[in-house]
Amino acid sequence: MMRAARLPDLWQRRLGLALMLPAALISAIALLPPTQSAKAQNAGEGRALNIRSDIQEADQKTGVITARGNVQLFYPSRQIQATAAQAQYFSKERRIVLTGNVYILQQGNSIRGEQVIYLIDEGRFVAVPQPNRQVESIYIVTDTNAPTQPAPPRVPGVRTAPR
């Protein structure tokens with residue numbers, strides 16, 4: 001009887017890896033989500049909180065979703081858009097904590113800071129600056145009594161004709 005040819009152990013391992021690697025890659029790709037985006041709050045699409053980032057993780061026990069890297073947050077029902085280095089959504093406490101070069105835009109108003117906490121139920125922002133820095137906010141103020149054109153500057157010693 002003829003003895004079957006046997007491959008050396010090294011070649012057997014390489015052949016096994018070569019056959020298993022494509023299958024493992026296909027399985028891993030099939031399990032990946034189509035985009036790295038998290039939506040919180042199930043009560044209708046109008047109340048969705050959409051978070052895009054480089055990395056995200058969700059802890060079902062604590063109800064905390066953490067997004068890191070190039071975070072973009074969209075909360076259409078509150079007309080909020082934000083960018084930050086990191087965002088954490090605490091679903092049980094109903095609060096969002098944005099950290100790292102935070103910029104928030106809501107209905108033309110904006111706020112910048114190192115950390116901004118948004119208390120959802122109160123509709124309130126709490127901003128904290130970097131050490132020895134300040135928080136900056138820009139608010140659109142509607143004033144129906146404000147003149148539509150600014151008055152010309154007064155130059156001392158020069159009379160202007162009455163309007």
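Scoring rules and cut-offs
- Residues numbered from 1 in each chain as written.
- Predicted model: local features only at pLDDT ≥ 70, side-chain atom pairs only at ≥ 80, totals over all residues.
- Heavy atoms only, no water.
- Phe/Tyr/Trp six-rings, centres within 6.5 Å; stacked < 30°, edge-to-face > 60°.
- Buried < 20%, exposed > 50% of the residue type's maximum accessible area, 1.4 Å probe, protein only.
- Lys NZ or Arg CZ within 6 Å of the ring centre and 35° of its normal.
- Salt bridge = Lys/Arg side-chain N within 4 Å of Asp/Glu carboxyl O.
- Helix = DSSP H or I, 4+ residues; strand = E, 2+ residues; numbered from the N terminus.
- Core = buried A, V, L, I, M, F, W, Y, C linked by side-chain atoms within 4.5 Å.
- Contact = heavy atoms within 4.5 Å.
- Polar contact = N/O pair within 3.5 Å; in protein donor to acceptor, adjacent residues only side chain to side chain.
- Pairing = 2+ DSSP bridges.

A. Quick look at the packing of aromatic side chains. Tallying each qualifying case throughout the model produces one aromatic pair. Between the aromatic rings of Tyr118 and Phe125, the centroid separation amounts to 4.5 Å while the plane-to-plane angle is 35 degrees, which identifies the pairing as tilted. Residue Phe125 is classed as partly exposed on the basis of its relative accessible area of 25%. The ring centre of Phe90 lies 4.1 Å from the NZ or CZ of Arg95, which sits over that ring.

B. Geometry of the pattern of salt bridges. Summed over all chains, the structure comprises four salt bridges. The salt bridge partner of Arg112 is Glu136, with a shortest N-O separation of 3.9 Å. One end of the pair, Arg112, is in strand 7 (residues 109-119); the other, Glu136, is in strand 9 (residues 136-138), with 24 residues separating them in the sequence. For Glu122, the salt bridge identified is with Arg124, shortest N-O distance 2.9 Å. Take Arg124: its relative accessible area is 42%, and that puts it in the partly exposed class.

C. Summary view of the nonpolar core. If you look at the biggest cluster of nonpolar residues, it comprises 20 residues, and the most contacted ones within it are Leu49, Leu73, Tyr75, Ile96, Leu98 and Ile104. For this core, the elements supplying multiple residues, two or more each, are strand 2 (49-52), strand 4 (64-75), strand 5 (80-90), strand 6 (95-106) and strand 7. Apart from the residues lying within four places of it in its own chain, the contact partners of Ile96 are Leu49, Leu73, Gln88, Tyr89, Val116, Ile117, Tyr118 and Ile120.

D. Geometry of unusual backbone geometry. Here Gln79, not a glycine, exhibits a phi torsion of approximately 55 degrees, which is positive. Secondary-structure assignment places Gln79 in the loop between strand 4 and strand 5. Positioned with a positive phi, Gln107 is a non-glycine residue whose angle comes to about 50 degrees. Residue placement: Gln107 occurs in the loop between strand 6 and strand 7.

E. Just the side chain of Thr66, in detail. If you trace the backbone, Thr66 turns up in strand 4. A distance of 3.0 Å separates the side chain of Thr66 from the side chain of Gln88, its partner in a polar contact. Beyond its immediate stretch of four places on either side in the chain, Thr66 contacts Ile55, Gln56, Glu57, Gln86, Ala87 and Gln88.

F. Focus on the pairing of strand 7. Bridge count between strand 6 and strand 7: 10 bridges; the pairing is antiparallel. In the sheet register, Ile96 faces strand 7, and the bridge partner there is Tyr118. A loop of two residues connects strand 6 with strand 7, the two strands running antiparallel in sequence, and Gln107 in this loop sits at a positive phi of about 50 degrees. Direction of pairing for strand 7 relative to strand 9: antiparallel, over a ladder of three bridges. Within the sheet, the bridge partner assigned to Ser110 lies in strand 9 and is Ile138. The pairing of strand 7 with strand 8 (residues 124-128) spans five bridges and is antiparallel. Of the residues in strand 8, the one forming a bridge with Val116 is Ala127. Hairpin connection between strand 7 and strand 8: a loop of four residues separates the two successive antiparallel strands, and Gly123 in this loop has a positive phi of roughly 65 degrees.

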